[in-house]
Amino acid sequence: MLQRSVGLIITLILGMALAATGGQAGGHSLDILDSKASAYNQEVGHLLRWVLGFAAVVFVVVTGAMTYITLKFRRTGKETGEPAQFHGNDRLEVMWTIIPTIIVFIIFGLTANSMFKLDKPSPGAMTVDVKGWRYFWDYNYPEYGIRNSGELIVPVGKPLILNVTSGDVIHSYRITSMVGTQDAIPGLINHIRVTPEKVGDYYGQCAELCGPSHANMRFRVKVVPQEVFDKFIAEAKAYQAPIPTDPTLVKGEILFKANCAACHAIKGVSQGAPNYPDLTFFGSRTTVGSGMWENKSPYLENWIKNSPGVKPGSLMPAFPQLSDSDVKTIAAYLLSHKLEGLDFNFPNSQKY
Ligand code: HEC
Ligand SMILES: [Cu+2]
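Draft legend 1. Broad picture of the coordination of the copper ion (ligand 2). Protein coordination of the copper ion (ligand 2) is provided by His171 (ND1), Cys206 (SG), Cys210 (SG) and Met217 (SD), with donor distances spanning 2.1 to 2.4 Å. In this structure, the copper ion (ligand 2) is surrounded by 4 donor atoms whose angles at the metal cover 92 to 125 degrees, and the resulting shape is tetrahedral. Mapped onto the sequence, the residues coordinating the copper ion (ligand 2) show the spacing H-x34-C-x3-C-x6-M. A residue pair is termed long-range when its members are at least 10 positions apart, and His171 in strand 8 (residues 171–175) and Cys210 in the loop between strand 11 (200–206) and strand 12 (218–224) qualify at 39 residues. An identical accessibility class is assigned to His171 and Cys210; each is buried.

Draft legend 2. Quick peek at the coordination of the iron atom of ligand 1. Each protein donor to the iron atom of ligand 1 is listed here as His264 (NE2) and Met316 (SD); together their distances run 1.9 to 2.2 Å. Considering all 6 donor atoms around the iron atom of ligand 1, the spread of angles at the metal, 85 to 178 degrees, places the coordination shape in the octahedral class. Note that His264 is positioned in the loop between helix 5 (247–259) and strand 13 (287–288) and Met316 in the loop between helix 7 (307–310) and helix 8 (324–335), a separation of 52 residues in sequence. Per residue, the accessibility class of His264 equals that of Met316, and both read buried.

Draft legend 3. Expanded view of the packing of aromatic side chains. Scanning all chains against the criterion turns up 15 aromatic pairs. Relative to Phe281, the ring of Tyr239 has its centre 5.9 Å away and its plane inclined at 70 degrees; by these criteria the two rings are edge-to-face. Here Phe281 lies in the loop between helix 5 and strand 13 and Tyr239 lies in the loop between helix 4 (226–237) and helix 5, a separation of 42 residues in the sequence. Its relative accessible area of 8% is what places Tyr239 among the buried residues. Overall, Phe281 belongs to the buried group, its relative accessible area being 5%. Here Trp293 and Trp303 contribute two aromatic rings whose centre-to-centre distance is 6.1 Å and whose plane-to-plane angle is 55 degrees, an arrangement assigned as tilted. Of this pair, Trp293 sits in strand 14 (residues 293–294) while Trp303 sits in helix 6 (residues 299–305), and the two are 10 residues apart along the sequence. An aromatic cluster is built from Tyr141, Tyr144, Phe229, Phe232, Tyr239, Phe281 and Phe344, whose rings are joined through pairwise contacts.

Calculation rules
Every residue gets a number counted from 1 within its own chain, in the order that chain's sequence is written. As a convention, the first chain written is A and the first ligand written is 1, with the rest following in written order. Totals for whole chains, interfaces and linings use every residue, but because this is a predicted model, local features are given only for residues with pLDDT of at least 70 and side-chain atom pairs only at 80 or more, for both listing and counting. Where side-chain values are given, they derive from all heavy atoms of the structure, hydrogens and water being excluded. Donor atoms (N, O, S) are those found within 2.8 Å of the metal centre, with the cutoff raised to 3.2 Å for Na, K and Ca; water is not part of the atom list, so apparent gaps in a site can occur. Four donors are marked tetrahedral only if all angles between them lie between 85 and 135 degrees, whereas four are marked square planar and six octahedral if opposite donors are more than 155 degrees apart and the other angles lie between 65 and 115; the remainder are marked irregular. Helix numbering and strand numbering both begin at the N terminus, where a helix is a DSSP run of H or I of at least 4 residues and a strand a DSSP run of E of at least 2. For each residue, the accessible area found with a 1.4 Å probe, counting protein chains only, is set against the maximum for its type, and the residue is called buried under 20%, exposed over 50%, and partly exposed in between. Between the rings of Phe, Tyr and Trp (Trp by its six-membered ring), a pair exists once the centres lie within 6.5 Å; its type follows the angle of the planes, with under 30 degrees stacked, over 60 edge-to-face, and the other angles tilted.

Structure below.
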């Protein structure tokens, strides 16, 4: 018991130290209270400070009273018989009922105030449909007729409404440093309203145990300047898969059509199916395996060759029948599909 308490206290202290230094995770500095990222974080930070303040007062009063009483009434050895006996103290009991009640009402008021503030309708908001599948996230921009998987690209400073749902089991959508979690539940649409206020590459993670690769169900949110977003939309809408002329890419397309097209859509090449990632402009994706690895050699080849081997439980089959050179050829073919002049790889300083 004592050991467990000590362990818990050490964990807490380490956790706080980590939080204070901005806990580094894979090059992303995650900070759920980054007040520049969104109004949501600002409100949460504001509430947290109030609650911590009350908690500190309660802590000092309770431990102070306990220390005082323990010392004042400790056994001295000079006692003669039993000390005076009494039952209860009406004034004290009324106080320790009323004061916490008042504190709870204040916190309730502050919380309700923050919730109303954040729940205001956002005129001119952009809608994105977000759908979780084991183990990746799929995005549709209904206003533009664009689909993308794995990475959500949004403009800075524009209100967003994310319609979050799931195609299979319950997942949960969390953009760590920007906004709170919403569950992705089949047949139900939950909304996240947020205005991203800072350009950058945001780390995201499924937050509901959904199977063996739950922990590997990641994603990125790329908050880009409006003009970059406009360019993205224009290019994505007009996207035409290049007709391969290079012999490697010609072979790549044949291999892709034979092995991959039943599941994966590439606009103009294959229909695919909605429950598998869209690979239309995969060359512009910064990660492979749903936020797991950088989208480059050898990660991409390892993924194509044996996806369940590198990501346990992946619903993409392994392809032992493909030779290493075939895999390279397919990788080159996939990477040749990209949006020109757009780079969603941000410098280190802009990862959250
Ligand atoms: C039975 C359906 C199926 C087939 C066939 C299939 N895949 Fe996949 N693929 C998936 C699924 C499911 C995922 C998502 C897995 C995950 O992230 O957990 C995926 C993910 C990917 C990704 C990563 C996408 C991203 O954004 O991270 C690439 C690249 C990919 N597949 C390429 C291929 C290639 C190349 C082939 C053919 C050699 C192929 N796939 C065949 C189902 C399939
Ligand atoms: Cu999940």
